[in-house]
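Geometric and topological summary
Listed below, chain by chain, are the residues.
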Amino acid sequence: MSDELVTLTIDDKEVQVAPGTLIVDAAAAVNVEIPIFCSHPKLDPVACCRMCLVEVEGPRGPMLQTACSVPVREGMVVHTDTEQVQATQEANLAFILLNHPLDCPICDKGGECPLQDQTMRFGPGISQLVEPKRHKQKDYHISDTIVLDQERCIICWRCIRYLEEWEDKPQLALFKRGGATLIDIQPGQPVDAKTGGNIIDICPVGALTSKVARFGFRPWQVERTPSIDPHFSTGDNIRIDTRTYAIRRIVGRENMGVNDQWIADKTRFAWAWVNSDERLTTPLVRKDGELQPATWSEALQAVTDGLKRVKERQGADAVGGIGSAKLSNEANYLLQRFMRQIVGTNNVDHRDGGDVAALSTGIPSLAAVMQPQYGPPPQYDVIMLVGVDPSEEAPILDLHIKRAVRRSGTTLVIAHPRHIELTRYPGSYLGYRPGSEATLLNGLARMALAVKGEENQTVSQLTDDATDERLLNLCGVDPEAVEGAARLLVEAKNPLILYGPMAAQGATGEQVRNGLTNLAMVLDCYENLGYLGLNANSQGCRDVGVLPDALPGHAPLDDEAARTLLAELWGGELPTAPGKTYRQMLDAAGDDIGALLVMGADPAGERPEWAANLAQLDFLAVQELFLTDTARLADVVLPAVSWAEGDGTFTNCERRIQRAPKAVSNPASKAAQDWMILDHIAAHMGMQWPYASAQGVLEEITTAIPAYAGLDWTALGDQGVQWNAETVRPRPAYRRCRQDDLPAAGEGELALVTGTVAYDGGTLFRLTQAMRDMIHAAAVTLNPDDAAQAGVKDNDAVLVRSAHGELRLRAAVSEEIEPGTAWIPESLPGAPVGALLNGREQEFVTITPQ
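Everything numeric here is computed off the predicted structure, so don't read it as measured data. (Residues numbered from 1 in each chain as written. Predicted model: local features only at pLDDT ≥ 70, side-chain atom pairs only at ≥ 80, totals over all residues. Heavy atoms only, no water.)

**Considering a nonpolar patch on the surface**
Defined as follows: Each patch is assembled from residues with relative accessible area greater than 30% and no salt bridge, linking like charges that lie within 9 Å and nonpolar side chains (Val, Leu, Ile, Met, Phe, Trp, Tyr) that lie within 5 Å. Exposure was quantified through the Shrake-Rupley algorithm and a 1.4 Å probe, taking into account, for residues, occlusion by the shown protein chains and nothing else. Whenever Lys or Arg places a side-chain nitrogen within 4 Å of a carboxyl oxygen from Asp or Glu, that contact is recorded as a salt bridge. For helices the rule is a DSSP run of H or I covering at least 4 residues; for strands it is a run of E covering at least 2, with both sets numbered from the N terminus onward. Partly exposed residues are those whose accessible area sits between 20% and 50% of the maximum for their type, while under 20% is buried and over 50% is exposed, using a 1.4 Å probe and protein chains only.
Residues Val 46, Trp 157 and Leu 174 make up a contiguous nonpolar surface patch of roughly 210 Å² in combined accessible area. Note on placement: Leu 174 falls in strand S8 (residues 172-175). A relative accessible area of 30% places Leu 174 in the partly exposed class.

**Considering the packing of helix H9 (residues 329-343) against helix H23 (residues 694-704)**
Spelled out, the test is: Axis definition: a line fitted to C-alpha atoms, limited for helices to the stretch in contact. Angles are taken between N-to-C directions and run from 0 to 180 degrees. Two helices crossing with the near one rotated counterclockwise from the far one by less than a right angle form a left-handed crossing, whereas a clockwise rotation gives a right-handed crossing. Any two residues whose heavy atoms approach within 4.5 Å are treated as being in contact. Gly is placed with the polar residues, together with every amino acid not listed as nonpolar (Ala, Val, Leu, Ile, Met, Phe, Trp, Tyr, Cys and Pro) or charged (Asp, Glu, Lys and Arg).
As a packed pair, H9 and H23 sit with axes 9 Å apart at the nearest point and diverge in direction by 65 degrees. You can see that H9 and H23 cross each other, and the crossing is left-handed. Taking contact as the criterion, the partners of Asn 329, Glu 330, Tyr 333, Leu 334 and Arg 337 in H9 are, on H23, Ala 694, Val 697, Leu 698, Glu 700, Ile 701 and Ala 704. For the contact of H9 with H23, the per-class residue count stands at seven nonpolar, one polar and three charged.

**A few points about the nonpolar core**
What counts here: Nonpolar cores were defined as sets of buried Ala, Val, Leu, Ile, Met, Phe, Trp, Tyr and Cys residues, with membership established by side-chain atoms within 4.5 Å.
Residues Ile 23, Ile 142, Tyr 162, Leu 172, Ile 199 and Leu 208 are the most contacted members of the largest nonpolar core, which totals 70 residues. Leu 172 has contacts with Ile 142, Cys 159, Ile 160, Leu 163, Ile 183, Asp 184, Ile 185, Gln 186, Val 191 and Ile 199, leaving out every residue within four places of it along the chain. The next biggest cluster of nonpolar side chains, apart from the first, holds 63 residues, and it includes Val 303, Val 343, Ala 562 and Leu 638.

**Some thoughts on H23**
Structural remark: α-helix, 3.6 residues per turn; residues separated by three or four positions point the same way. For H23, the complete set of buried residues consists of Ala 694, Val 697, Leu 698, Glu 700, Ile 701, Thr 702 and Ala 704. Where H23 is buried, its residues touch H9, helix H18 (560-570), strand S28 (648-651), helix H22 (674-684) and helix H24 (713-716).

**Comments concerning the side chain of Thr 463**
You can see Thr 463 is positioned in the loop between helix H13 (457-462) and helix H14 (468-475). Apart from residues no more than four positions distant in its own chain, Thr 463 is found in contact with Asn 442, Ala 445, Arg 446 and Arg 738.

**What to know about the domain arrangement of the protein**
Worth spelling out the cut-off: Domains are outlined according to an automatic or database domain assignment.
Parsing the protein into structural domains produces domain 1 (6-97), domain 2 (134-274), domain 3 (299-358 + 537-727), domain 4 (382-522) and domain 5 (749-849). For domain 1 versus domain 3, the distance between C-alpha centres works out to 56 Å.

**Comments concerning helix H20 (residues 608-615)**
Rules: Each C-beta atom gives one direction from the helix axis, and the arc is the one those directions make.
What H20 keeps buried is the set Trp 610, Ala 611, Asn 613 and Leu 614. Across the axial projection of H20, the buried residues extend over an arc of 160 degrees, all falling on one side. Check the buried side of H20 and you find it contacts helix H19 (582-588), strand S25 (595-599), strand S26 (619-624) and helix H21 (629-632).

**Re the packing of helix H12 (residues 437-452) against helix H15 (residues 479-491)**
Rules: Any angle that falls under 35 degrees is termed roughly parallel, while one over 145 is termed roughly antiparallel, one within 65 to 115 roughly perpendicular, and all others oblique.
For the pair H12 and H15, the least separation of the axes is 8 Å and the interaxial angle reads 60 degrees. On the basis of the axis angle, H12 is oblique to H15. Two packed elements cross with a definite hand, and for H12 against H15 that hand is right-handed. Contacts between H12 and H15 involve Leu 440, Gly 443, Leu 444, Met 447, Ala 448, Val 451 and Lys 452 on the former and, on the latter, Pro 479, Val 482, Glu 483, Ala 485, Ala 486, Arg 487 and Val 490. For the contact of H12 with H15, the per-class residue count stands at 10 nonpolar, one polar and three charged.

**As for the pairing of strand S21 (residues 495-499)**
The criterion, for reference: By definition, two strands form a pair when at least two bridges between them are found by DSSP.
Most of S21 sits out of view: five of its five residues are buried. Going residue by residue along S21, you find Pro 495, Ile 497 and Tyr 499 tucked away on one face and Leu 496 and Leu 498 tucked away on the opposite face as well. As paired elements, S21 and strand S22 (residues 529-531) share three bridges and run parallel to each other. From the neighbouring strand, Ile 497 faces S22, where its bridge partner is Leu 529.

**A short note on the state of the cysteines**
Working definition: the covalent bond between the sulfur atoms of two cysteines is a disulfide. In plain terms, the rule: When two cysteine sulfur atoms are found within 2.5 Å, that pair is recorded as a disulfide.
Enumeration according to the criterion identifies zero disulfides in this entry. Free of any disulfide, Cys 48 has its nearest neighbouring cysteine sulfur in Cys 38, separated by 4.1 Å. Cysteine Cys 156 is unpaired, with the sulfur of Cys 203 as its nearest cysteine sulfur at 6.0 Å. On the accessibility criterion, Cys 156 (8% relative accessible area) is buried.

Following this line, the structure appears as structure tokens:
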């Protein structure tokens, strides 16, 4: 073996390991078990439980040392099974069990508890305790979703260390001394970290349990299915535990290419909607003005008749299809095939689809951002975020960025209209005015070129509009701050640039994408430019062609090779004219658009105007889990199953295709998988598709999309496979990036900032009872100076009015909000921010106390 390895002996077994390896890990390499409680492979060693004590031979004879904190050295001799080691292990367990409650029969950890296992294997066998046990708090809620039993706690510090080392939120601590020592929240600060539930997984006993799953399962009775997160675009790996036709809990699953082993709290706790009694279980057809239960045959025929009627009267382009980035590749692929092959139109899109100038390649790599406990540092030394807030939009990516900053010195450059959570770290913050992204990016490119001391006539001409005066007056950013950010980017060895839909939507979206491309080229990091979508299948939706101007595989509509491939695969000719985007279809609903087939989306809940338009349609069919605002307007509602109730694949933000196998079913429901519903609609319209399963649809996808070639269900495995970005990445080229002047704010007007929050008021979140108090309040958040000028205090009732509509909300006051702006997130309960919008790049609002 390599000369760089260290050779030692453990229980007479010779082992060679890398320098720095801990004794406990070296022992595991030769199948020698050393008991541990405080030690965890994802946390720094603290050696506080003393269970791992072993004898290490030295000049003065054998000495007890902690195997979880002592690294190996050349020639070391270790003994793990001597009388002294065994006596120490028994004594440690006896001390731990002195005050540990004997409630294993009702403990959620029972059956998978390291304390049970180690007591059986290494314990004394009898208890020497004759005095009453100490009593501490039980059923103690340290957050809305996490319950602490202080009597069960063995003071291993794992929960404290996770929150400190990963979340950078030291919200738990040790209090008191000796046998009275306990874990508790910091005074007045419950655990609110968005990944705090991971402390439940790493707790070695039943001290930390899930309020959502508590007493709902026995570990040996559940069926365990590897799956993926249905909420966030990172595609974090999970395990779904089910029993008696219901999800009982969701826990994290290790994938070092995606999420390490961590998952977000929304993923862990917000799954009650799958088991909800509010789910649709039978088709509904509108009769006499009311939605009434119907058979599948009747409902499918009604869909067929409705779509055919509109197509015959108004033409194929009067019909539109809306997909969803929350649904599988298979469902979305068949939707766009249905629209293009059977209806004959390219009117197919999804929210944040054709209305956003995204990159076809997603982000380069999640693993490259990670700083694992034992592994190489992140590949990126500077990370720039443009109009994206990982803390709310991708909590596990946020977790890894924070760790990279703290452990590896990664520097952040953040361009966002709001002080997002990551701005608390050193770096550069550019709080730009919403809608001015293109000019800001031109300013960064211009100054980066100057910092490099290079001349580039093309770049100079493309960025000559971004003068210092325009950066200050249009963008609202100090030119010196822009220069400082440019310097950080230029001096970086390997910068990463990420942007989200907030920065590149609407009419100026393409200009923003061009500006990002130009900046990346100036910095020589074109391949490190990435787009971060918001939903579990934002990337997959684009990959399979749910776009009005692109075919599956991101091929342009006029790509002859792609058209020929699909024509041979499907049969027949494909439409050539670009279709309408998501917003365009909804704006034209009831006018140029006479019929819509909506799958897994609720546009009526986004904007009152769209709800009114949908009500004017000649025909509306909806595939849904619940009777949403859009479903209530439909002529036909087709009940669908969730991601956990059928096989499917999802493609995460780094282009990793991952399986989501069926984990649970409801025998009392007549709901069907979305891809299967589309297959049956196609059959009623005279087209017999050759699919017998989701795997069969995936097989066709691997033929239709060259980048997916060979990636069938079996090949994906439990860790997924990342497709090669070079198959679709455009050749780098400098492009025009320009924007017109933005309108000036009038007297008392504030620029409206929107965006998403993790804990919104959407159906999939609010149905988890334990999380309802965590829902972001229906509020408008103002800078203290603006609030004072408007005569508004925190929690005051206010009227928010734009030129397009109004909302009645509560006011919140925060320094996180830039002066001159007002922040209202999307999907707030009873407060659709879309009521204030009309599609312009910049909307202004006034705030009036009520």
